[in-house]
Amino acid sequence: MNAAQRQRIIRSGWLKKQGGMVRTWHRRWFCLNNDFLFYFAKEDDSKPLGCIFLPGNRVCEVPFNPEEPDKCLLEISAGKGQTRVTSNHETYLLWAANDEERQKWIKNIRKVMYSSFGGAIFGQSLKETMAFEHKLNRRLPYIMEQCVHFLTKNGLDVEGIFRLPGRNLLIKELKERFDSAERVVFDIEEVDVHTVASLLKLYLRELPQSVIPAEYYQKFMNIALRFQSAQTPEDKQKAIFDLRESLPDIPTDNFHILSFLCKFLALVSRNSEVNKMTVLNIATVFGPNIIRNVSEADSAELLMATADITQQLVFMMIEYEKDVFVEKQMDTTPVGNLLDLEPEDNTCVLKPTSLNLMDCINKELFGSEIPASEFEELLALQQLSLDGVSPIAENKPVAPVRRKKMANRRGENRKVVMSGTEEELETHFPVGPESPDSENQDSELAESSDSLYNGQTAVELDIHSKCEQLEQQNKTLQERGVQQEVKINEMRMKIARLERYMKELTRSNSVIVQRYEARISTMDNAHKNAIKTLQDKLKAEKKSTDEAVKRVMILQTQLQHYHLKYGELPE
């Protein structure tokens, strides 16, 4: 195990593991790291002897055996739908040094197994528990809702509801079920009121921090002291008001849990004539679970010294729960009221005006409002000048104002340019009194030119709008083309990536084949060498055996000659 893995260790220590053919106990160093429980022969070993994959399995405490009182055992077994924990083990039986060590190991292992499914809630902080509950759109821990619902339905009239203890074995079983992420629903035929009440107290007691966090301890203790030392009703009301203002400062989840719990306890206290649980009795029982200092957890003397102040604070929360628990007010304005806001005097508000778009443009360009007809004439002339076409050269109708100006210019040119005799002037430009018919003709020409001009303007506007539509369509097509090109590029990149992966896969495959062939060749050579060695050895042994047989035969022959010559040897 490298240094990075050692930093991720959740828990480590010595445990005895049962294993082997005869099921003997072996002392091993265990390390809980992420989802695995590793075990080593020695503490400083880098290579584990084995590991256990925890998610999907279950851990439980082995019941006490009177014949083996010193054994504190825990068992890791297969979960639902499985038959074995690993390929080699159906279960793992571990032996802790004492019960405290066993409970710590079970707690840490269950957290790895079930925390992502809403389990391992006993001994877990409210922040971690509520992080899972928020995923299910819940404002309270599931165990608290179930306990309070069951006790409200069945326990308000039970005497000593929080004073008498429940059944220990059943409490332990329910705790294991909740820690195993099981959504338990209490049934009055299976559980009793005192067991559920004890389970609720156990859950609150095992929280790493009380419902009111430790950083707010001194602040709330001061409020309780002021309430305890109050001499007048006004002083008590002032302390209650301070408590009401201070409670929303704690985290939102803690506030909701505390409010839910105190409202339930107030409901219990209203039936004190039957259940014998007054507000003071309830405050005594739940005081250390609702608020406690960090140092009080390890000091029984300090807990006893502050018990009366804690009791006084919880008494205030239960007795005046309708006054002190007020939902946190949001500082933001609801969206539905945004349209109803009245602007202040210094607020800049855009007001609608009666000016149309042309009037706004005129006012912006020329500093004053120009009649729309004159503005349209100016735009038309400007457009014609931009196109390089003169309205006179094309015999197009000209606006009256422009026509008067052009007539004046023609008159001036006549005076300057024209020269000759009066007869020639009269011939080309006859002068005489203007007749009414000529005036009518001029007015008719002006009207016709105006109508033609207006028609031309409408046509130009229609053409302009169609051009804008075409430009918009062209722009849309260009955007779609860009999008298609982006998708094509992405597909090309994916294809290139796949080709690269294929090349890498082919290369790695060829490397693996080469390694496999080299390994096979090496093993083949090794086997051939081993067989040759064994054959040589067999030959040598056979040769030595033949020599030994020859030697024995020679000795037997010599012995027979000796018997014939000298007789049998005496025994």
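Residues numbered from 1 in each chain as written. Predicted model: local features only at pLDDT ≥ 70, side-chain atom pairs only at ≥ 80, totals over all residues. Heavy atoms only, no water.

### Re empty space enclosed by the protein
And step 1. Tallied over the full model, the rule gives two cavities of 30 Å³ or more.
And step 2. Of the pockets and cavities examined, the second largest cavity occupies roughly 80 Å³.
And step 3. Counting only elements with at least two residues in the lining of the second largest cavity, the list comes to helix H3 (126–135) and helix H4 (142–154).
And step 4. Residue composition of the lining of the second largest cavity, grouped by class: six nonpolar, two polar and three charged. (1 Å grid on protein atoms, 1.4 Å probe; cavity = no way out; pocket = protein on both sides within 12 Å on 5 of 7 lines; lining within 4 Å. Points joined across faces, edges and corners; volume = space filled by probe spheres on them. Helix = DSSP H or I, 4+ residues; strand = E, 2+ residues; numbered from the N terminus. Nonpolar A, V, L, I, M, F, W, Y, C, P; charged D, E, K, R; others polar.)

### Re unusual backbone geometry
And step 1. The phi angle at Ala120 is positive, at roughly 55 degrees, despite the residue not being glycine.
And step 2. Residue position: Ala120 is located in the loop between helix H2 (99–114) and H3.
And step 3. By relative accessible area, which is 7% here, Ala120 ends up buried.
And step 4. Non-glycine residue Asn137 carries a positive phi angle of around 60 degrees.
And step 5. With respect to the secondary-structure elements, Asn137 resides in the loop between H3 and H4. (Buried < 20%, exposed > 50% of the residue type's maximum accessible area, 1.4 Å probe, protein only.)

### What about the nonpolar core?
And step 1. Core analysis: the largest hydrophobic core is formed by 69 residues, its most contacted members being Leu151, Phe162, Phe186, Phe220, Leu258 and Met317.
And step 2. With nine residues, the single largest contributor to this core is helix H9 (residues 252–269).
And step 3. Not counting residues up to four positions away in its chain, the partners in contact with Leu151 are Leu156, Ile161, Phe162, Val193, Val196, Ala197, Leu200 and Phe264. (Core = buried A, V, L, I, M, F, W, Y, C linked by side-chain atoms within 4.5 Å. Contact = heavy atoms within 4.5 Å.)

### Description of the confidence of the model for the protein
And step 1. Here the protein shows a mean pLDDT of 77. Residues at 70 or above account for 73%.
And step 2. Below pLDDT 50 for its whole length, residues 384–399 participates in 17 contacts with residues either more than four positions away or in separate chains.
And step 3. Considering only residues more than four positions removed or in separate chains, one finds that residues 412–436, a stretch of pLDDT under 50, has eight contacts. (pLDDT = per-residue confidence, 0-100.)

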